[in-house]
Protein chains: 2
Amino acid sequence: MAVTKEKNEINYHSAEECPITATIDVIGGKWKPPIIWLLLKGPLRFGELHKIIPGMALKVLSRQLKELEADGIIIRKAYPEVPPRVEYRLSEKGETLREVIFLLSDWSRKHIINA
Amino acid sequence: MAVTKEKNEINYHSAEECPITATIDVIGGKWKPPIIWLLLKGPLRFGELHKIIPGMALKVLSRQLKELEADGIIIRKAYPEVPPRVEYRLSEKGETLREVIFLLSDWSRKHIINA
DNA sequence: CAGTATCCAGTTGGATACTG
DNA sequence: CAGTATCCAACTGGATACTG
């Protein structure tokens, strides 16, 4: 990411350098907001997430979780049991998204009329 | 987002619990953050936007502007002149995104470390 | 239980030429 | 100047079957 000199100053010329886009890339996967929202309430297992968000294909959940993990937002903990148990929770970095998530949610409630 | 497809009506476990996606749909097009960011500073003409964000194809700029307009974020004003002059500016609703945009930008600066 | 593998469809983004 | 038209590539997301 290109270094930004002054806060709130227009100093990028491509989407790749845009810090806003960078954040959206982290939280903007189709199912990432619901996943993060749910994990803000507490850790969940893979199957629980799948059950709570029924429209989401297994493969998609799997990849979104991998991406969130790669971005340092969530932490995957596998318990050496049979049958296996895997728990996902927010990292400290992920917790810092709480403010962001809440503001996005709030803006929607205030300004998006339908739904 | 200016949605013309019904497929975006996704049955989250509870749509009201997850309005985050709705906001991201509005601001999350690839070039929308830079466009909104620029317009937060003041109105710009089509060609100015195109010049300032050189990597963006004309067709893409055109569609992103249409979508932002359809979502009530920006206002398009065409002056009846030859050659034509068209100016884009944020609506009042668009101005309310300032806080959101700044927070997203701020989070990126604080938590996305990679170069 | 917690995922992969496979294969497929829809949407988005892109380069370039053209028009009112 | 301010866009469209055309055609195309890439990516994301999806349904289902299968595995450790």
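Residues numbered from 1 in each chain as written. Chains lettered and ligands numbered in written order. Predicted model: local features only at pLDDT ≥ 70, side-chain atom pairs only at ≥ 80, totals over all residues. Heavy atoms only, no water.

Chain A is annotated in an unreviewed UniProt entry as Helix-turn-helix transcriptional regulator from Mucilaginibacter roseus.

What follows is about the environment of A:Glu69. Here A:Glu69 shows up in helix H4 (residues 58-70). In this structure, A:Glu69 is in contact with A:Ile74 and A:Arg76, ignoring residues within four places of it in sequence. (Helix = DSSP H or I, 4+ residues; strand = E, 2+ residues; numbered from the N terminus. Contact = heavy atoms within 4.5 Å.)

With that settled, consider the protein's contact with DNA strand D. Surveying the vicinity of DNA strand D reveals 22 residues, the closest of which are A:Lys30, A:Lys59, B:Lys66, B:Arg76 and B:Tyr88. In the environment of DNA strand D, a phosphate oxygen lies 3.0 Å from a nitrogen or oxygen atom belonging to the side chain of A:Gln64. B:Arg76 places a side-chain nitrogen or oxygen 2.7 Å from a phosphate oxygen of DNA strand D. Every element with two or more residues in the surface near DNA strand D is listed here: H4 of chain A together with helix H3 (46-52), helix H4 (58-70) and strand S3 (85-90) of chain B. Class assignment of the residues belonging to the surface near DNA strand D gives a composition of 10 nonpolar, 4 polar and 8 charged. (Near = heavy atom within 4 Å. Polar contact = N/O pair within 3.5 Å; in protein donor to acceptor, adjacent residues only side chain to side chain. Nonpolar A, V, L, I, M, F, W, Y, C, P; charged D, E, K, R; others polar.)

Moving on: the pattern of salt bridges. Pairing of side chains with opposite charge becomes possible as their charged atoms draw close. Under the counting rule described, the total for this entry stands at 12 salt bridges over all chains. Taking the shortest distance from any N to any O, the salt bridge between A:Arg63 and A:Glu67 comes out at 3.7 Å. Residue A:Arg63 and its partner A:Glu67 are both found in helix H4; the two are separated by 4 residues, about one turn of the helix. Across the pair B:Lys110 and B:Asp106 runs a salt bridge whose closest N-O atoms are separated by 3.1 Å. Of this pair, B:Lys110 and B:Asp106 both sit in helix H6 (residues 97-111), 4 residues apart, roughly one helical turn. Connected through salt bridges with shared partners, the residues A:Lys32, A:Arg63 and A:Glu67 form a single ionic network. (Salt bridge = Lys/Arg side-chain N within 4 Å of Asp/Glu carboxyl O.)

The next subject is the nonpolar core. With 63 residues, the main nonpolar core has A:Ile27, A:Ile35, B:Ile27 and B:Ile35 as its most contacted residues. If near-sequence neighbours (up to four positions away) are discounted, B:Ile35 is found in contact with B:Ile53, B:Met56, B:Leu61, B:Gln64, B:Leu65 and B:Leu68. (Core = buried A, V, L, I, M, F, W, Y, C linked by side-chain atoms within 4.5 Å. Buried < 20%, exposed > 50% of the residue type's maximum accessible area, 1.4 Å probe, protein only.)

All names here are of chain B. As enumerated under the stated definition, the model contains 2 aromatic pairs over all chains in all. Ring centres of Trp37 and Phe102 lie 5.6 Å apart, and the angle between their planes is 40 degrees; on these two criteria the pair is classed as tilted. Remark: Phe102 occurs in helix H6 and Trp37 occurs in helix H2 (residues 32-41); sequence separation between them is 65 residues. The exposure class assigned to Phe102 is partly exposed, which follows from its relative accessible area of 28%. In this structure, Arg85 is placed above the aromatic ring of Tyr79, and the distance from its NZ or CZ to the ring centre is 3.8 Å. (Phe/Tyr/Trp six-rings, centres within 6.5 Å; stacked < 30°, edge-to-face > 60°. Lys NZ or Arg CZ within 6 Å of the ring centre and 35° of its normal.)

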